[in-house]
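# Inside the fold
What follows is each chain in one-letter form.
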Amino acid sequence: MVAVLNSGDTAWMLISTALVILMTIPGVALFYSGLIKRQNVLNTMFLSFITFSIVSIIWFVFGYDLVFGQDIYGLLGTMHNPFFNGILESKALAPLAPTIPTGLYAIFQMTFAAITVALISGAIVERMKFSTWLLFVPLWLLLVYIPIAHWMWGGGWLAQLGAFDFAGGIVVHLSSGIAALALVLLLGIRKDMRLLPHNLGYSVIGAGLLWFGWFGFNAGSALSAGDLAVSTMIVTNISAAAGMLAWVLMDKLNTGKPTLLGALSGAIAGLAAITPAAGYVNITAALIIGFVTSIISYYAVSHLKPLLGYDDALDVFGIHGVCGIFGSLAVGIFALPAINNVLTSGGLITGSFNLLISQTIAIVTVALYSFVVTWIIGKVLDKTMGLRVKDADEVQGLDINLHEESGYRLS
Amino acid sequence: MKRIITIIRPDRLEAVKDALEKLGIHGMTVEDVKGRGRQLGITESYRGKDYNVDLLPKVRLEIVVKASDLDSVVNAILENAKTGDIGDGKIFISTIEEVIRIRTGERGKEAI
C-alpha cells in the first residue's frame, strides 16, 4: 500500500467503525437483555453501555499505544503518545493501514476492544455487582486484552511466530469466551439459572444488529475498500447463514422443533467462527466453518455446560469461546494465499502444516493466559470488593436494587 | 346473586366477552394472571436444553350475575373458552350476599 490518504478507504473505514460501534451499543445490549429475566433488563443493557464508555477513554489514554506502539520483546507496545498526544494534530497516516489516518485506525481498533469486554458481561449477568464490573473492565482491558491484541495484531510474538487472526477470533472471541468461563467459575451459579428469555424480540433486534455490524467488523478489517473487503463480506455472510441453518437442524433433530433463539445463536456462532478466517478463506470453507462450528457450539451449550455445571448465563464461552477456537484452527486448515497474499503459508488444504501449528500455539497460549489472568483479577476483586450481589438483590432483580429503576412499570 | 370467577386462556377472552355481551352481561373485572393446573405447565426448549415453565399466563374474569342468569352465563363460557386441549381453565361459582352500587346506593339485583 502506498502511504497516501485514500478517501475511498477512509470512507469505508469510517462506516466500518460506526458499524462495529452499533454491534455493542445497542447490538450486544439488546441481544443479551432479551435473554434474561425482566427484573434485570436494565442492568444487562447498562453493562454493555458502561463498558463502551470506559474502554473508549482508556483506549486513547494509553490502550492504543500499548497495543500498536513499537514492540518491546514481542510482549507489549511502547507508550510513545499517551492521550494520543499530537497524533490528531499531525494528521499522520496509520503505520499498519497507510491509506487512512492513524486516528481512524485507532478508533476502529477501539471498537474491537470495547465489544470484547462487553461480550464477557453475558456470562455474569443477573448476579455480579455493578461496582465491581466498573473496576473489572479497565483491569481486564489492561492486563488481558491489550497484551493479547499486541501479540496478535501489534507485531508481538504470536504475529512473529506466524499466527494469523484476521478480525479477532483469538483476540476477541477466544479471549472473552475463556475470560467468561474463569469469571463464572469464581462467581458461582445463580439461584435460578434457567434460560427463559423475557423478551426474545429484543434479542432478534440485537442479533440483527450484530449480523449487520459484523460486516464492518470483518470486512472493515481489510482496512481498505477493495477486493479483500468484498471477499470478506461474502464469506462472513455465508458462514452466518450456514451457522443458522445448522443450529435449526440440530434443534429439529434433538427436540423436534426449530427455535428462533437457536437460529440466532447459530448465526452468531457462524459469525464468530468466520471472524479469524474471514480474510483468508473462500466460500466453500466458509460454508464448512459456519455449519460445523454451529454444531460444536450447540453441543457445548446443551451438553457440556450442564455436564460441568458452570453457570455461563448467556453462553459466552459456549458460543464465542468455542467458535473462536474452531475458527482460529480453521485458518490453519482452509487459508489460501490466493485470497490474501500476506499469508506466508496456506492451511492444511494447501499441503502445509505450519499455519495450523502456529494457530494451535496461539490458541493454547491465549486461552491459558486469558483464563489465568482473568482468574487472578476476579479473585482479587472478590477479596476486596466482592463479586456477587446480595442474595436478596439477586432474587428481587438488579434493576431496582442496584439502579433504582424498572424496565417495565405496571402503572 | 352469584359470583363467577373463571380462569381462561388469554386468546379466548374476546370470544367469551362477545358471548356474554349477547346475553346482556356487560359488567366484568378482568386481570392477567399466571397459574398452573394439574399438568404442571409446559416445557420450553432453548439452545438445546429443556426448561419446565410451570406458571402459564391466563386471564381471570370476575362476573356477578343474577341467579337466574347463572346457567346461560356458564354455558356461554364453556362454549367459548373451550379448545379441548390441556389448560382451558376453570369456573368457580359462589353466592354473593349483597351488592351495592357506590354511585347511587342501589342494592341487590338493581346494583348488578
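Everything numeric here is computed off the predicted structure, so don't read it as measured data.

## Looking at the overall build of chain A
Counting its secondary structure elements, chain A contains 15 helices and four strands. By the compact-globule yardstick of 22 Å for 411 residues, chain A fits well, its C-alpha radius of gyration being 20 Å. Here the C-alpha coordinates of chain A stretch approximately 60 × 50 × 40 Å along the principal axes. Taken over 411 residues, chain A has a buried fraction of 59%. Of all intrachain contacts in chain A linking residues separated by at least 6 positions in sequence, the fraction that spans at least 24 positions is 78%. Accessible surface computed for chain A: about 15200 Å², of which carbon and sulfur atoms make up 69%. Within chain A, the 19 negative side-chain charges are centred at a point lying 11 Å from the centre of the 16 positive side-chain charges.

## Details of unusual backbone geometry
Residues and elements named next belong to chain A. Omega for the bond connecting Ile 25 with Pro 26 falls within 30 degrees of zero, at 10°, which places this linkage in the cis form. With respect to the helices, strands and loops of the structure, Pro 26 is situated in helix 1 (residues 7-35). Positive phi is not limited to glycine here, since Leu 223 has a value of about 65°.

## Let's talk about the side chain of Ser 328 of chain A
All names here are of chain A. Secondary-structure assignment places Ser 328 in helix 12 (residues 316-334). A polar contact of 2.7 Å, which involves the side chain of Ser 328, links it to the backbone oxygen of Gly 324. Apart from residues no more than four positions distant in its own chain, Ser 328 is found in contact with Gly 169, Ile 170, Pro 276, Gln 359 and Ile 363.

## Digging into the nonpolar core
In terms of nonpolar packing, the biggest core is built from 130 residues, with Trp 133 and Tyr 145 of chain A touching the most fellow members. Setting aside residues up to four positions removed in sequence, Trp 133 of chain A forms contacts with Leu 47, Ile 50, Thr 51, Val 117, Ile 120, Ser 121, Ile 124, Met 128 and Leu 183 of chain A. Among the nonpolar cores identified, the runner-up in size contains 17 residues, and Ile 8, Leu 13, Ala 76 and Ala 81 of chain B belong to it.

## Topic: the packing of aromatic side chains
Residues and elements named next belong to chain A. Using the criterion set out here, one finds 22 aromatic pairs over all chains in the structure. Ring geometry for Phe 60 and Phe 84: centres 4.9 Å apart, planes at 90°, overall edge-to-face. Residue Phe 60 is found in helix 2 (residues 41-68), and its partner Phe 84 is found in the loop between strand 2 (76-77) and helix 3 (87-90); the two are separated by 24 residues along the sequence. Phe 60 sits in the partly exposed class, given a relative accessible area of 22%.

## Observations concerning the interface of chain A and chain B
Taken together, the contact between chain A and chain B spans 20 residues of the former and 10 residues of the latter. When the two sides are added together, the surface that chain A and chain B hide from each other amounts to roughly 1200 Å², 61% of it contributed by carbon and sulfur. Contact with chain B buries surface across chain A, with Arg 194, Leu 195 and Leu 196 of chain A losing the most and accounting together for 33% of the total. Taken together, the connections running from chain A to chain B amount to one salt bridge. One salt bridge connects Asp 315 of chain A with Arg 47 of chain B, and the closest N-O pair in it is separated by 3.0 Å. Mapped by element, the contributors of at least two residues to the side of chain A that touches chain B are helix 1, helix 9 (227-255), helix 10 (260-274) and helix 11 (283-308) of chain A. At four residues, the largest contribution of residues to the side of chain A that touches chain B is made by helix 11 of chain A. The residue makeup of the side of chain A that touches chain B, split by class, is 13 nonpolar, four polar and three charged.

## Some details on the environment of Leu 143 of chain A
Residue and element names in this part refer to chain A. Assignment of secondary structure puts Leu 143 in helix 5 (residues 130-153). Using a relative accessible area of 35% as the deciding quantity, one classes Leu 143 as partly exposed. Leu 143 sits 94 residues away from Phe 49 along the chain, and the two C-alpha atoms are 21 Å apart.

## What about helix 4 (residues 102-124) of chain A?
Residues and elements named next belong to chain A. Its 23 residues give helix 4 an end-to-end C-alpha distance of 35 Å, which sits within 8% of 33 Å, the value for a rise of 1.5 Å per residue. Taken across its 23 residues, helix 4 has 22 buried, putting it largely inside the fold. With its phi angle positive at about 75°, Glu 126 sits one or two positions after the end of helix 4.

## A look at the pattern of salt bridges
Under the counting rule described, the total for this entry stands at 16 salt bridges over all chains. In this structure, the salt-bridge partner of Lys 191 of chain A is Asp 391 of chain A, at a minimum N-O distance of 3.6 Å. Of this pair, Lys 191 of chain A sits in the loop between helix 7 (169-187) and helix 8 (200-219) while Asp 391 of chain A sits in helix 14 (residues 391-396), placing them 200 residues apart in sequence. Lys 17 of chain B is the salt-bridge partner of Glu 14 of chain B, the closest N and O atoms lying 3.2 Å from each other. In this pair, Glu 14 of chain B and Lys 17 of chain B both sit in helix 1 (residues 13-22), three residues apart, roughly one turn of the helix. Among the residues examined, Lys 17 of chain B registers a relative accessible area of 29% and is labelled partly exposed. Among the charged side chains, a salt-bridge network with shared partners connects Lys 37, Glu 126, Arg 190, Asp 192, Arg 194 and Asp 311 of chain A.

## Description of a nonpolar patch on the surface
Together, Leu 161, Leu 348, Phe 353, Ile 357 and Ile 361 of chain A give the surface a local cluster of nonpolar side chains, amounting to about 430 Å² of exposed area. Position of Ile 361 of chain A relative to the elements: it lies in helix 13 (residues 354-384).

## Concerning the pairing of strand 1 (residues 2-8) of chain B
Residues and elements named next belong to chain B. Across seven bridges, strand 1 lies against strand 5 (residues 56-65) in antiparallel orientation. Bridge pairing in strand 5 places Ile 8 opposite Val 59. Two elements, strand 1 and strand 6 (residues 90-95), share six bridges in a ladder whose sense is antiparallel. Within strand 6, the position partnered with Ile 4 by the bridge is Ile 93.

## Quick notes on the packing of helix 12 of chain A against helix 13 of chain A
All names here are of chain A. One can describe the packing of helix 12 onto helix 13 by two numbers: an axis separation of 7 Å at closest approach and a directional angle of 160°. As the angle between them shows, helix 12 and helix 13 are arranged roughly antiparallel. Considering how the two elements wind past one another, helix 12 and helix 13 form a crossing that is right-handed. Where helix 12 abuts helix 13, its residues Ile 325, Ser 328, Leu 329, Val 331, Gly 332 and Ile 333 lie against Leu 355, Leu 356, Gln 359, Thr 360 and Ile 363. Here the residues of the contact of helix 12 with helix 13 sort into seven nonpolar, four polar and no charged.

Basis of the calculations
- Residues numbered from 1 in each chain as written.
- Chains lettered and ligands numbered in written order.
- Predicted model: local features only at pLDDT ≥ 70, side-chain atom pairs only at ≥ 80, totals over all residues.
- Heavy atoms only, no water.
- Helix = DSSP H or I, 4+ residues; strand = E, 2+ residues; numbered from the N terminus.
- Rg over C-alpha atoms; globule rule 2.2 N^0.38 Å.
- Buried < 20%, exposed > 50% of the residue type's maximum accessible area, 1.4 Å probe, protein only.
- Contact = heavy atoms within 4.5 Å.
- Areas by Shrake-Rupley, 256 points an atom, 1.4 Å probe, with all protein chains shown as cover.
- Lys, Arg positive; Asp, Glu negative; His and termini not counted.
- Charge placed at Lys NZ, Arg CZ, Asp CG, Glu CD.
- Polar contact = N/O pair within 3.5 Å; in protein donor to acceptor, adjacent residues only side chain to side chain.
- Core = buried A, V, L, I, M, F, W, Y, C linked by side-chain atoms within 4.5 Å.
- Phe/Tyr/Trp six-rings, centres within 6.5 Å; stacked < 30°, edge-to-face > 60°.
- Buried area = accessible area lost by both parts, 1.4 Å probe.
- Salt bridge = Lys/Arg side-chain N within 4 Å of Asp/Glu carboxyl O.
- Nonpolar A, V, L, I, M, F, W, Y, C, P; charged D, E, K, R; others polar.
- Expected span 1.5 Å × (residues − 1).
- Patch = residues over 30% accessible without salt bridge, like charges linked within 9 Å, V, L, I, M, F, W, Y side chains within 5 Å.
- Pairing = 2+ DSSP bridges.
- Axes fitted to C-alpha atoms, helices over the stretch in contact; angles between N-to-C directions.
- Parallel < 35°, antiparallel > 145°, perpendicular 65-115°, else oblique.
- Left-handed = near helix turned anticlockwise from the far one by under 90°.

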